[in-house]
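An overview of the molecular structure
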Amino acid sequence: MNVAHKIKSLVSDQRFVLSLLTVALFIFFGLKNSAFFNADFVIYPLIRDAATLSVIGLAQLCALSIGHLNLAVGRMAAVSALAAGAAYQYLHVSLLLGLFMGLFVGASLGALTGWIIVKSQVNAFIVTLAMDFALLGFVTYIYVTFTGATTAFTTKPAGMEFWRNTSWHQYCVAGVCGPKIFPMMLVPAIIAIAVIGFIFSKTRLGRELLSTGSNLRAAKLSGIPVDRRVITAHLMSGLLAGLAGIMLAFTNGSFTAAIGSQFMLPSFLGPVLGGTLLAGGSVAVLGTFIGTLLTLIIRQGLSVQGIGLETLNIALGLVLLTALSLGQIQKMFTAIRMRGRT
Amino acid sequence: MSAELLVESVSKAFPGVQALDKVNLALHGGTVHALLGENGAGKSTLIKIITGVYRADAGNLKTNGEERFFDSPIEATHAGIAVVHQERNLIAEFSVEENITLHNPPLRLGIIDRTERTRLANEALTTLGFEIDLNERIKNLSVAQMQLVEIAKALVTKAQIILLDEPTASITAGETVKLFEVISRLKSQGTAILFVSHKLEEVYEICDTVTVLRDGVSVLESKPLANYKQSEIVDLMVGRHLADRKVVIRKVDRQVNAVLELKNLKTSLGHESVSLSLYPGEVLGMYGLVGAGRSELARSILGLHEITGGEILLGGKSVKIKSFRDALHVHRIGYVTENRKEEGLFLDFSVRKNVSVTILSKILQKLGIIHVGKEDVVASKYVDRLGIKVVDNDQLAGTLSGGNQQKVSVSKWLAAETKILIIDEPTVGVDVRTKASFHELITELADEGLSIILISSDLAEIIAISDRILVMRDYELVGEVENTKDYPSISRSIMSSIHSGS
């Protein structure tokens, strides 16, 4: 193998560039202020947030894979968390059963959304926006009705404390323990990344989803069941949104109406920074995690420097714009090169 | 003085390829100048340099005596150059009228004068003898209608120099005749016209002078066309002698059961009663004017539009085809679309993925995992079989030339082992050599037992490869011709069935 060629293809890989940027910024912030390297108060929560936000990123990625958007990811997360919380509070189910019930609700909501899009032929943007509003009302109504002023389900199923507060260093194999900075919450995120990555890169389902996103008409004419795939994509989106919602509820220690209200923007940042096309047809699953991590490092890093929230958001916006423009500039060069062939 | 455009020693390189190498071309008012060459010879690049889309690396451009290159297409338009591009540059969401007057909308007090706009658009369309609702949106038009709008758009600018890049690629013979009348009229008014086409018959009909490009070099520069025979021009284009293809009359057994039979088929799109039979191994040509309802019939058979009456029989059995998916997996019917970029290909997918899209269920391992090894074998098989020029199977379909893209879009149906293939306008915008290889391929496939319906508006193509020709007009079959491949007599009988009674 040609080494120069290998290096070239590595450098042109968005994930590689993104990882490099992430590591560089991490070191930069740490050198500026060593408080940033604090394992307990900075790194551990940062990775825990990255785990949850990566999952919501994957939820968005599933919709993006077919060229759709899911503006209701946050609210689907809220409803799933509500379902799980209610199950723990009133049905006293086990942690795992409550989780499955929550995920089932999320998946059903997603599938319903997909079905409405297919049947009504209305743009996914509109349908999910409407869904978001409807669910917002629903969630608030349920919490107020059932819990009165507290507006939260606070019953903690057995094992919840373990998931929210422990890290991998409590697990040792043959004397070697896991790193202290890796929270247990990373486990569901890793599973989600592995499963979704596997689906999109290896399976027929993934190929059919991406075909649908790449060119809907060509997919239809090639005998791909595009309507069913639209529903599948939204089902997956709802399921993952549900998972993220429950992960956040576990992290917070309570199930509230506010869960998911901060999800929408991050849900786009991760996948898009990672290299997922907004137009559909191409996804970056691992990139979603790296992209999410990057945004959190910038946010956390700047806030450790004592920069105010407003400045912080401006900085974040600029970094995003730059990172995304780089991809666009690269695309322009490719286009110019391709034109030479006509 | 009359219009004049001189291209002098123009060169242009793209990374890895010398697209144009010291090309000369002299275009004078009152003449129609043919610019010929295979795909990739540099014709489109030259046109883009003339119109300011690309910057030349070296050379001169003289327009009406003024020596300069244009920095943008708008400058070229203002200098009196109009161009009809091969890729249609229309705005899908705008109306026909808005598109025709796009570059120079008539203004009154800075506001678009709608009455004047309608008049201008109407005038251009009337000149072309083309009837269409001025308020219809472009996205609702057929490919041919879009092409005509594009031509009308060039006409309204009243340009002195008009560049036509394959204007007849997707319009029918009747419309071509009208276009040629317009071209003749413009010529007599002193307009200079550059005409790019792959259809040599047309070139000989309308052009006075000729320039031939091969691999970016002008191998024949602004010579009188009458001095060259068609075969000589082809030799110049391809750089070697292309033997005339033998005329083969294939024998198709029509005593057996038809593989596909339509009985008084009525569709929601307007076919009242269409009946036809397709026999095993037959190439059934379907000729017609634009809007005659041929593609619409094909799409209705395949379940995209509702069948409201009559019957579809496959191998003698009456069937209901619900969708393209149903047609492919249950009934083994494939459809090669006329819009390969919009409907035929996944441009940002590799060739491998494009070929395998119809056979995913056959290359699975456990857990629904795609067996990439098997997928690659299938892709390689058709890449070899059809002679698709690729670096490897991972090359993106969007980076292939038009002819190769078309082959990829055919491959997926061959891979799916369909029994019936409906091929819609397969060689639009494809060069002479690729076209010939495509025709050979279609004949070969039929020889292997595939039954083919060939929809084409290219009379020469229909006559070259069909066994039998059906003629459709206004959603109705109006003629059937047994193809003896004798061009003059067959074209005459096809044309007479198109025009009889109208």
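Entered under Subcellular location (unreviewed entry) in the UniProt record, the comment concerning chain B runs "Cell membrane".

In its Subcellular location (unreviewed entry) section, the UniProt entry covering chain A states "Cell membrane".

Helices and strands together make up the secondary structure of chain B, namely 17 helices and 22 strands. For chain B, the spread of C-alpha atoms along the principal axes amounts to about 70 × 50 × 50 Å. Nonlocal contacts in chain B, meaning residues at least 24 apart in sequence, comprise 67% of its contacts between residues at least 6 apart. Approximately 21100 Å² of chain B is accessible, and the part contributed by carbon and sulfur atoms is 50%. For chain B, the separation between the mean place of its 57 positive charges and that of its 66 negative charges on side chains is 4 Å.

A word on the pattern of salt bridges. Residue and element names in this part refer to chain B. Evaluated as defined, the whole model comprises 34 salt bridges over all chains. In this structure, aspartate 71 engages arginine 55 in a salt bridge whose closest nitrogen and oxygen atoms are separated by 3.0 Å. Of this pair, aspartate 71 sits in the loop between strand E5 (66–67) and helix H2 (73–78) while arginine 55 is found in the loop between helix H1 (43–50) and strand E4 (58–63), placing the two residues 16 residues apart along the sequence. When the shortest N-O distance is used, the salt bridge between arginine 137 and glutamate 93 registers 2.7 Å.

Quick look at the sheet that holds strand E19 (residues 420–424) of chain B now. All names here are of chain B. Pairing within the open sheet is mixed, and its six strands lie in the order E18-E19-E20-E15-E21-E22. Looking along the sheet, the strands with just one partner apiece sit at the ends: strand E18 (333–336) and strand E22 (476–482). Between one strand and the next, the sheet's axes are offset by a mean angle of 20 degrees, whatever the strand orientation. Set on the sheet, helix H9 (residues 294–301) makes contact with strand E15 (283–288), E18, E19, strand E20 (451–455) and strand E21 (468–473); between it and E15 the angle comes to about 130 degrees.

This part covers unusual backbone geometry. A positive phi angle, near 50 degrees, is found at lysine 22 of chain B, a position not held by glycine. Relative to the helices and strands, lysine 22 of chain B is located in strand E2 (residues 17–28).

So, about the sheet that holds strand E14 (residues 274–278) of chain B. All names here are of chain B. Spatially, E14-E13-E16-E17 is the arrangement adopted by the four strands of the open sheet, whose pairing is antiparallel. With partners counted over all chains shown, the strands left at the sheet margins are E14 and strand E17 (317–319), one partner each. Sheet twist, expressed as the average angle between the axes of neighbouring strands with direction ignored, equals 20 degrees.

With that settled, consider the nonpolar core. Counting residues in hydrophobic clusters, the biggest one holds 90 residues, and the most contacted among them are Ile196, Phe200 and Phe255 of chain A. At 13 residues, the largest contribution of residues to this core is made by helix H3 (residues 39–65) of chain A. One finds Leu125, Ala152, Leu155 and Ile233 of chain B within the second-largest nonpolar core, a separate group that totals 50 residues.

Further remarks concern the side chain of glutamate 375 of chain B. By the secondary structure assignment, glutamate 375 of chain B is in helix H13 (residues 372–386). For glutamate 375 of chain B, a relative accessible area of 0% gives the class buried. A polar side-chain atom of glutamate 375 of chain B sits 2.5 Å from a polar atom in the side chain of arginine 207 of chain A. When sequence neighbours within four positions are dropped, the list of residues in contact with glutamate 375 of chain B reads Arg207 of chain A together with Arg352, Lys353, Ser356, Ile363 and Ile370 of chain B.

The interface of chain B with chain A comprises 39 residues on the first partner and 29 residues on the second. Here chain B meets chain A over a buried area of about 2800 Å², counting both sides, of which 58% is carbon and sulfur. The largest contributions to the chain B side of the interface with chain A come from Arg325, Glu343 and Phe346 of chain B, which together make up 20% of the buried area. Where chain B meets chain A, there are two salt bridges. With a closest N to O distance of 2.7 Å, arginine 217 of chain A and glutamate 343 of chain B form a salt bridge. Secondary-structure elements contributing two or more residues to the side of chain B that touches chain A are helix H10 (324–329), helix H11 (340–344), helix H12 (351–356) and helix H14 (402–415) of chain B.

Cut-offs applied
- Residues numbered from 1 in each chain as written.
- Chains lettered and ligands numbered in written order.
- Predicted model: local features only at pLDDT ≥ 70, side-chain atom pairs only at ≥ 80, totals over all residues.
- Heavy atoms only, no water.
- UniProt positions renumbered as here; feature names shortened; annotations may be inferred.
- Helix = DSSP H or I, 4+ residues; strand = E, 2+ residues; numbered from the N terminus.
- Contact = heavy atoms within 4.5 Å.
- Areas by Shrake-Rupley, 256 points an atom, 1.4 Å probe, with all protein chains shown as cover.
- Lys, Arg positive; Asp, Glu negative; His and termini not counted.
- Charge placed at Lys NZ, Arg CZ, Asp CG, Glu CD.
- Salt bridge = Lys/Arg side-chain N within 4 Å of Asp/Glu carboxyl O.
- Pairing = 2+ DSSP bridges.
- Axes fitted to C-alpha atoms, helices over the stretch in contact; angles between N-to-C directions.
- Core = buried A, V, L, I, M, F, W, Y, C linked by side-chain atoms within 4.5 Å.
- Buried < 20%, exposed > 50% of the residue type's maximum accessible area, 1.4 Å probe, protein only.
- Polar contact = N/O pair within 3.5 Å; in protein donor to acceptor, adjacent residues only side chain to side chain.
- Buried area = accessible area lost by both parts, 1.4 Å probe.

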